[in-house]
Amino acid sequence: MQLSPNQRFNEALIKTAVLLYQVDGMVSLTEQDYLEEVIEALNWQSPICKDAFLTQAIHEARVASEAGEERVFLKHLADDLNFDANYVMEIGMGITGIDGERSEHETELLHFMSHKLLARELTIMQAS
């Protein structure tokens, strides 16, 4: 089954959010609640249920994080994330700040996303 651009974005957004809440090594209930709210608001159009997809995303993000491959992981999602780069950054800022502090590693990944991964789309959106 071919997924719509919106569904590919949904899946990439979930994977990105999961990676961002895992990189500091501590997953708080507040971060999990925030992610659940984000997922609930998505227009999900996949034969795979949200919970099954989330479980897989958690595993993939953990493997990438443990291997120090966070940027590679995000680069693989870049095309789909650019569907709505501003929303990706909004969610990224939200999930990394919801627990009251942003780790250095979280800040580095947000910078990478805004200045490298999504920079072109963010610039285009700001210019319109």
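Scroll up to find the structure.
Residues numbered from 1 in each chain as written. Predicted model: local features only at pLDDT ≥ 70, side-chain atom pairs only at ≥ 80, totals over all residues. Heavy atoms only, no water.

(A) Just the packing of helix 1 (residues 5–22) against helix 4 (residues 70–81), in detail. Where helix 1 meets helix 4, the axes come as close as 9 Å, and the angle between the chain directions of the two elements is 155°. Between helix 1 and helix 4, the angle is such that the two are roughly antiparallel. You can see that helix 1 and helix 4 cross each other, and the crossing is left-handed. In this structure, helix 1 uses R8, F9, A12, L13, K15, T16 and L19 to contact helix 4, whose residues at the interface are E70, F73, L74, L77, D80 and L81. Residue classes in the contact of helix 1 with helix 4 are distributed as eight nonpolar, one polar and four charged. (Axes fitted to C-alpha atoms, helices over the stretch in contact; angles between N-to-C directions. Helix = DSSP H or I, 4+ residues; strand = E, 2+ residues; numbered from the N terminus. Parallel < 35°, antiparallel > 145°, perpendicular 65-115°, else oblique. Left-handed = near helix turned anticlockwise from the far one by under 90°. Contact = heavy atoms within 4.5 Å. Nonpolar A, V, L, I, M, F, W, Y, C, P; charged D, E, K, R; others polar.)

(B) Structural detail: the environment of A12. The residue A12 is located in helix 1 in this model. Looking at A12, the relative accessible area reads 2%, which means it is buried. Between the alpha carbons of A12 and L74 there is a distance of 8.7 Å; along the sequence they are 62 residues apart. Beyond its immediate stretch of four places on either side in the chain, A12 contacts L77, D80 and L81. (Buried < 20%, exposed > 50% of the residue type's maximum accessible area, 1.4 Å probe, protein only.)

(C) Local environment of a negative patch on the surface. A contiguous patch of negative charge, built from D33, E36, E37, E40 and D51, is present on the exposed surface. The element best represented in the negative patch is helix 2 (residues 29–41), accounting for four residues. By secondary structure assignment, the location of D51 is in helix 3 (residues 50–66). Residue classification places D51 among the exposed residues on the basis of a relative accessible area of 58%. (Patch = residues over 30% accessible without salt bridge, like charges linked within 9 Å, V, L, I, M, F, W, Y side chains within 5 Å. Areas by Shrake-Rupley, 256 points an atom, 1.4 Å probe, with all protein chains shown as cover. Salt bridge = Lys/Arg side-chain N within 4 Å of Asp/Glu carboxyl O. Lys, Arg positive; Asp, Glu negative; His and termini not counted. Charge placed at Lys NZ, Arg CZ, Asp CG, Glu CD.)

(D) The arrangement of the packing of helix 2 against helix 5 (residues 85–97) in detail. Relative to each other, helix 2 and helix 5 sit at 155°, their axes nearing to 10 Å. Judged on the interaxial angle alone, helix 5 and helix 2 are roughly antiparallel. Across the interface between the two elements, E31, Y34, L35 and V38 from helix 2 touch Y87, E90, I91, G94 and I95 from helix 5. Of the residues assigned to the contact of helix 2 with helix 5, the class counts are six nonpolar, one polar and two charged.

(E) Spotlight on the packing of aromatic side chains. A full pass over the atoms with the stated rule returns three aromatic pairs. Look at F9 and Y87: their rings are 6.5 Å apart centre to centre, the planes differ by 45°, and that puts the pair in the tilted class. In this pair, F9 is assigned in helix 1 and Y87 in helix 5, connecting sequence segments 78 residues apart. A residue is classified by how much of its surface remains accessible, and Y87, at 23% relative accessible area, is partly exposed. Linked through ring pairs, F9, F83 and Y87 together constitute an aromatic cluster. (Phe/Tyr/Trp six-rings, centres within 6.5 Å; stacked < 30°, edge-to-face > 60°.)

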